[in-house]
Amino acid sequence: MNTLQAWSDQEFEERLRAMGGRYHIHHPFQVMMHRGQLQPQQIQGWVANRYYYQINIPIKDAAILANCPEREVRRHWVQRILDHDGCQGDEGGIEAWIRLGEAVGLARADTVSQRLVLPGVRFAVDAYVNFARQRPWQEAAAASLTELFAPGIHQSRLEFWPQHYPWIEPDGYAYFRRRLSEAPRDVCNGLRITLGHFNTRELQQRALEILQFKLDILWAMLDTMMLAYCDVQVSGWGRYTPMEKDGAVHDFHEPLFAKCG
Ligand SMILES: O=C(O)c1cc(C(=O)O)c2c(n1)C(=O)C(=O)c1cc(C(=O)O)[nH]c1-2
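What you see is a predicted model; the values in this text were computed from it and never measured. (Residues numbered from 1 in each chain as written. Predicted model: local features only at pLDDT ≥ 70, side-chain atom pairs only at ≥ 80, totals over all residues. Heavy atoms only, no water.)

**A closer look at the UniProt feature "domain: Thiaminase-2/PQQC" (unreviewed entry) in the chain**
The residues that UniProt annotates with the feature "domain: Thiaminase-2/PQQC" (unreviewed entry) are residues 16-223. Its end C-alpha atoms 23 Å apart, residues 16-223 is made of 75% helix and 0% strand. (UniProt positions renumbered as here; feature names shortened; annotations may be inferred. Helix = DSSP H or I, 4+ residues; strand = E, 2+ residues; numbered from the N terminus.)

**Concerning the environment of Tyr-128**
Here Tyr-128 is to be found in helix H7 (residues 119-134). Expressed as a C-alpha distance, the spacing of Tyr-128 and Ala-63, which sit 65 residues apart in the sequence, is 11 Å. Those residues within four positions of Tyr-128 in sequence are excluded, and the remaining contacts are Tyr-53, Ile-57, Lys-60, Ala-143, Ser-144, Lys-214 and Ile-217. Of the polar contacts made by the side chain of Tyr-128, one reaches the side chain of Lys-214; its length is 3.3 Å. (Contact = heavy atoms within 4.5 Å. Polar contact = N/O pair within 3.5 Å; in protein donor to acceptor, adjacent residues only side chain to side chain.)

**Here's the deal with the site of the ligand**
In the region of the ligand, 19 residues are neighbours, and Tyr-23, Tyr-53, Lys-60, Tyr-128 and Tyr-175 sit closest. Here a nitrogen atom of the ligand sits 3.5 Å away from a polar atom, N or O, in the side chain of His-154. Here Tyr-175 contributes a side-chain N or O atom positioned 2.5 Å from an oxygen atom of the ligand. Relative to its free-state accessible area of 470 Å², the ligand is covered by the protein chains to the extent of 99%. Most atoms of the ligand, that is more than half of them, are within 2 Å of grid points of the largest cavity. Residue assignment for the shell around the ligand shows that the elements contributing at least two residues are helix H3 (40-67), helix H4 (71-85), helix H9 (150-164), helix H10 (174-197) and helix H11 (201-229). (Near = heavy atom within 4 Å. Areas by Shrake-Rupley, 256 points an atom, 1.4 Å probe, with all protein chains shown as cover. 1 Å grid on protein atoms, 1.4 Å probe; cavity = no way out; pocket = protein on both sides within 12 Å on 5 of 7 lines; lining within 4 Å. Sits in = over half its atoms within 2 Å of the grid points.)

**Considerations on H10**
Two residues of an α-helix separated by three or four positions point the same way, owing to the 3.6 residues in each turn. With 24 residues, H10 ought to run about 34 Å at 1.5 Å a step, and its terminal C-alpha atoms sit 35 Å apart, in line with that. Of all the bends in H10, the greatest reaches close to 35° and is centred on Leu-180; the proline Pro-184 follows between one and four positions later. (Expected span 1.5 Å × (residues − 1). Bend = angle between axes of the 7 residues up to and from the residue.)

Shown next as C-alpha cells:
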C-alpha cells in the first residue's frame, strides 16, 4: 500500500506543470517548424495530419460527457465540443483548421478526406479517444492537461510563422488565435477536476502517469510525421540524425535526450 502523504494542491500542480519539459514543443519536427526550417509540403503534411486530432477532440470530449454523471461538470465540459464543432454564428475550430489547410495550400477536400493521414498518427489519436471511452471521466479530464502548455505554442506560431512562412495566407491563423482564449479556460476547469479527484499520493502519481501518456501521444504523432516528411538517419538508440540540408546541421539531440532523461 502507498502510505506517502498526498502532495499539497500547490505541489501537485507544480509537478503537473513541470512535465511541460516533455511537451511536443520540444520535438525536433516542432523545433524545425518553429525556426522556419520546414518546406511548404512539410507544413501541409503537419496540418493534414493534425486535422485527424482536431476532428477527434470533440469525439473524445463527448466520451467524457457520456461517462460523467455530474451535471455541473457536463455544463462546463460541453463547451469544448461547441468550440470545435461550432454553433449558430460560429463555424468552430474544425472549420478554422480546414481554413488553415487552405491557407497553407491544401484544398478542403485534401484535408477532410483524411487521405494524407499517416497510420501512426491515426493510431496515436485513436489511443486518446479510446482512453476517454474506457477510463473514468476524471482520468480523461486529466489527460487534457497537456493544454497547460498549449497557449505558448499557439502564441509562438502567431508570432513567428508570418516571418518565417510569408507564403501562408494570414487568414489561416484564426485557429491559433481562438485557442489563446479557449485553452486557458479549459485548463482552469481541467485542473480543478484533477486537483479535486486525484487527492491521495497514489492517485496523484496516477495523474502524472496519465499526463505522460498524453504527452507521448502528441510526441508519437510528430515522430510519425518526421519519419514521413523529413530525411532522417537512424543512428543508435532512440536518436534521429537529420541529414544535412541547405548546408544547415540541426542539433536535435538535446530535446530528445531531455525527453528520455
Ligand atoms: O497545437 C497544439 O500544439 C495543440 C496541443 C493540444 C494538446 O496539448 O493536447 C491541443 C491543441 N493544440 C488544441 O488546439 C486543442 O484544441 C486541444 C484540445 C486538447 C484536449 O486534449 O482536449 N488538446 C488540445
